[in-house]
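# Topology and contacts: notes
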Amino acid sequence: MKTRVKRFGPVDRAFHALLIVTFLTQSATGLSRMFIETSWGKGLAGLFGGYNSALTLHKYVGLVMIIGFLAHVGHLVLRIGRHPARSLSGPDSMLPRFADIREFFQHIGWFFGKSPHPKFDRWGYWEKMDYLGAAFWGMLVMGASGLVLAYPMTSTKFIPGWGLNVALWVHRIEALLAMTHVFIIHFAVAHLRRHNFPMDRTMFEGSTSLESLRHEKAGWVNRLKQEGVLDSLLVSESGLFARVLYYTFGCAAIMCGVYLLVGGLLNSGRITW
């Protein structure tokens, strides 16, 4: 029985899976070096072969992230080229719209029982913030500062030596902000809400329950009905083996993120900043 609505294609799902693996690897290797003065940091670094090996892995995985980001941008350009108006300004666009501001305040009112639940379209304001803030701003800032630090001899041909110190702190602060956002806000919003707990498998399976969409994205469901395309987007739930695989991978990623978050917080007072 077709009870789910297709939201993401194979390419989007592959990019997201790559981002999960690389982000967790970068978080773990980066924190292992930052907290190397603690037993927790030493144990974490030991998983990667030690302090220096963790740095080597951090550099190469960082390059993979940058290449993946550039490939994603290229994919977006091709997609926009096929439907420029719809991709940039239509309801399927990930770019902010005035409606997002209205829906944000209406959503806040709904939290306090003062407003009806907003009829979100395909993308909620929080999803756009996640995507534009993390995938673009975060990648640009951490990618650029990371390249400066990874190749200091080349970098200092174009910037003064003290620029490396600035790049280090920009890289570190942005990384801490990114990890805090992903491991607290993103995890809570995406996976810990009552109808998603213990994990929302949409980005793994590529589809979302029609029942949950009628509540959370009623505007999108209504628009698909009006356009006469809802039935064409309905798909069946994946098989048991696939669901077990999605839950295993997703829950393992969540547990890794929570472990890094808690370990970092507990040991934050034991390192020299």
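A brief look at the structure comes next. For clarity, every value in this text was computed on a predicted model and none was experimentally measured.

## Quick word on the overall build of the protein
If you tally the helices and strands in the protein, you get 13 helices and three strands. If you line up the protein on its principal axes, its C-alpha atoms span 60 × 40 × 40 Å. For the protein, the residues scored as buried account for 43% of the 273 residues in total. A total of about 15,700 Å² of accessible surface is found on the protein, and carbon and sulfur atoms cover 70% of it. A distance of 3 Å separates the average location of the 28 positive side-chain charges in the protein from that of its 16 negative side-chain charges.

## A word on the packing of aromatic side chains
The tally for this structure, following the rule as stated, stands at 15 aromatic pairs. Their ring planes at 75° and their centres at 5.1 Å tell us that phenylalanine 104 and phenylalanine 105 sit as a pair that is edge-to-face. Pairing phenylalanine 183 with phenylalanine 187 gives two aromatic rings, centres 5.7 Å apart and planes at 45°, and the pair type is tilted. With phenylalanine 183 and phenylalanine 187 both in helix α8 (residues 162-191) and four residues apart, this pair spans about one turn of that helix.

## Looking at the pattern of salt bridges
On inspection of all chains with the given rule, the structure shows 12 salt bridges. For aspartate 92, the salt bridge is made with arginine 122, and the minimal N-O distance between the two is 3.7 Å. Here the residue aspartate 92 occupies a position in the loop between α4 (84-89) and α5 (98-111), and arginine 122 occupies one in the loop between α5 and α6 (125-150), the gap between them amounting to 30 residues. Residue aspartate 92 is classed as buried on the basis of its relative accessible area of 17%. Ionic pairing is found between arginine 223 and glutamate 227, a salt bridge with its closest N-O pair at 3.3 Å. Placement of both arginine 223 and glutamate 227 in helix α11 (residues 218-227) is noted, with a separation of four residues, approximately one turn of the helix. Residue classification places arginine 223 among the buried positions, given a relative accessible area of 11%. Linked through salt bridges whose partners overlap, the residues forming this network are Arg4, Arg201, Glu205, Glu237 and Arg243.

## Some details on the environment of asparagine 196
Here asparagine 196 is to be found in the loop between α8 and α9 (202-205). Looking at asparagine 196, the relative accessible area reads 11%, which means it is buried. When the C-alpha atoms of asparagine 196 and tyrosine 246 are compared, they prove to be 14 Å apart, with 50 residues separating the residues in sequence. The residues contacting asparagine 196, other than those within four sequence positions of it, are Val189, Ala190 and His191.

## So, the sheet that holds strand β1 (residues 2-6)
One open sheet accounts for three strands, arranged β2-β1-β3; its pairing is antiparallel. Of all the strands in the sheet, just β2 (207-209) and β3 (234-236) have a single pairing partner and so form its edges. Put simply, the sheet's adjacent strands are angled 55° from each other on average, direction ignored. Summarising the sheet, β1 and β2 pair through three bridges and their orientation is antiparallel. Within β2, the residue paired with lysine 6 across the bridge is serine 207.

## Quick word on the packing of α6 against α8
Following both chains from N to C, one finds α6 and α8 inclined at 155°, their axes separated by 9 Å at the closest point. When the axes of α6 and α8 are compared, the pair comes out roughly antiparallel. Pair α6 / α8 crosses with left-handed handedness. The residues of α8 that touch α6, namely those facing Trp126, Asp130, Trp137, Gly138, Val141, Met142, Ser145, Gly146, Val148 and Leu149, are Leu164, Ala167, Leu168, Val170, His171, Glu174, Ala175, Ala178, His181, His186 and Val189. Taken together, the residues of the contact of α6 with α8 sort by class into 13 nonpolar, six polar and two charged.

Quick notes on the rules
Residues numbered from 1 in each chain as written. Predicted model: local features only at pLDDT ≥ 70, side-chain atom pairs only at ≥ 80, totals over all residues. Heavy atoms only, no water. Helix = DSSP H or I, 4+ residues; strand = E, 2+ residues; numbered from the N terminus. Buried < 20%, exposed > 50% of the residue type's maximum accessible area, 1.4 Å probe, protein only. Areas by Shrake-Rupley, 256 points an atom, 1.4 Å probe, with all protein chains shown as cover. Lys, Arg positive; Asp, Glu negative; His and termini not counted. Charge placed at Lys NZ, Arg CZ, Asp CG, Glu CD. Phe/Tyr/Trp six-rings, centres within 6.5 Å; stacked < 30°, edge-to-face > 60°. Salt bridge = Lys/Arg side-chain N within 4 Å of Asp/Glu carboxyl O. Contact = heavy atoms within 4.5 Å. Pairing = 2+ DSSP bridges. Axes fitted to C-alpha atoms, helices over the stretch in contact; angles between N-to-C directions. Parallel < 35°, antiparallel > 145°, perpendicular 65-115°, else oblique. Left-handed = near helix turned anticlockwise from the far one by under 90°. Nonpolar A, V, L, I, M, F, W, Y, C, P; charged D, E, K, R; others polar.

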